[in-house]
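Structural description and commentary
Chain by chain, the residues:
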Amino acid sequence: MLQISKCITGGKGLASALVKRATTVELDWDVRQKSRFDATDSSGRALGVFLPRGTLVRGGDVLVAEDGSLIRVLAAPQEVLRITACTEHGSPFDLTRAAYHLGNRHVPIELQPDHLKIEPDHVLADMLRAMHMTVVTVQEAFEPEGGAYSSQGHAHTAHAHAGHTHGAHSHGHAHGTHDHDHDHPHAH
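These notes cover the structure that comes with them. (Residues numbered from 1 in each chain as written. Predicted model: local features only at pLDDT ≥ 70, side-chain atom pairs only at ≥ 80, totals over all residues. Heavy atoms only, no water.)

**Here we look at the nonpolar core**
Stated precisely, the cut-off is as follows: To form a nonpolar core, buried Ala, Val, Leu, Ile, Met, Phe, Trp, Tyr and Cys residues must be joined to one another through side-chain atoms within 4.5 Å. Throughout, exposure labels follow a simple rule: accessible area from a 1.4 Å probe, protein chains only, divided by the maximum for the residue type, with under 20% read as buried, over 50% as exposed, and the rest as partly exposed. Only DSSP runs of H or I with at least four residues qualify as helices, and only runs of E with at least two residues qualify as strands; both kinds are numbered from the N terminus onward. Note on contacts: a residue pair is in contact if any heavy atoms of the two residues lie within 4.5 Å.
One finds I83, L102, L116, I118, L128 and M133 to be the most contacted residues of the largest nonpolar core, which totals 17 residues. Of all elements in the fold, only β7 (78-85), α3 (93-104), β9 (116-118), α4 (122-130) and β10 (133-140) reach the threshold of two or more residues within this core. Ranked by residues supplied to this core, first place goes to α4 with four residues. Sequence-distant contacts of I83, that is, excluding residues within four places in its chain, are made with L95, L102, D114, H115, L116, I118, L128, M133, T134 and V135.

What follows is the structure in structure tokens.
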């Protein structure tokens, strides 16, 4: 078994030709959030992965084996719930509201401009449908946000805004709720 104890986030600093030639290992989110696991790479080699505790492995990361070989990580398609705003009765803001409610429940969530993804959960699916969101089960890669305090959060964690700062702004207005009939099924 080939031992691995190093992960290079996004393959940063490696020549793209080396990364392209590397073998691959396809892992779902359940495995990629563990720091110790066994896997098999695309050339059939058994891998024993022993990373520092708390390490999250993302699609695009590169594992470095004890013999110096590189293994590129692919996020495996897995069953997830894909959440979108109802095009018939909703607005793009509904997606933001859904993300807020999921975040309040500390659910791992992948944020995209036009959809959200979470792991299958019928209680959350029912809650989202009650919020008039469209929820479908799909087989796709799952890359949830790392969280505000994660050292390995989003790939763009270290960036500067040259020439300006973002101050805290308080908006002192409230948004009322809307009331209209939604007696149609949302089984999209």
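**Some remarks on the sheet that holds strand β5 (residues 62-65)**
What counts here: Any two strands between which DSSP finds at least two bridges are classified as paired. In this analysis, axes come from line fits to C-alpha atoms, helices being fitted only over the stretch in contact, and the angle between any two N-to-C directions falls in the range 0 to 180 degrees.
Across the sheet, which stays open at both edges, the six strands sit in the order β2-β6-β5-β1-β4-β3 with mixed pairing between neighbours. One side of each edge strand has no neighbouring strand; the edge strands of this open sheet are β2 (23-27) and β3 (36-40). Between one strand and the next, the sheet's axes are offset by a mean angle of 35°, whatever the strand orientation. As paired elements, β3 and strand β4 (residues 46-50) share five bridges and run antiparallel to each other.

**Focus: the pattern of salt bridges**
A side chain with one charge can pair with a side chain of the opposite charge if their charged atoms come near. Condition: Whenever a carboxyl oxygen of Asp or Glu lies within 4 Å of a side-chain nitrogen of Lys or Arg, that contact is scored as a salt bridge.
Scanning the model with the defined rule gives eight salt bridges in all. Residue E143 is joined to R32 by a salt bridge in which the shortest nitrogen-to-oxygen separation is 3.1 Å. Residue E143 is found in the segment after β10, and its partner R32 is found in helix α2 (residues 29-32); the two are separated by 111 residues along the sequence. With relative accessibility at 22%, the residue E143 sits in the partly exposed group. The buried category is assigned to R32, whose relative accessible area is 0%. Residue R58 pairs with E143 through a salt bridge whose shortest N-O separation is 3.2 Å. Residue R58 is found in the loop between β4 and β5, and its partner E143 is found in the segment after β10; the two are separated by 85 residues along the sequence. Among the charged side chains, a salt-bridge network with shared partners connects R82, E110, K117 and E140.

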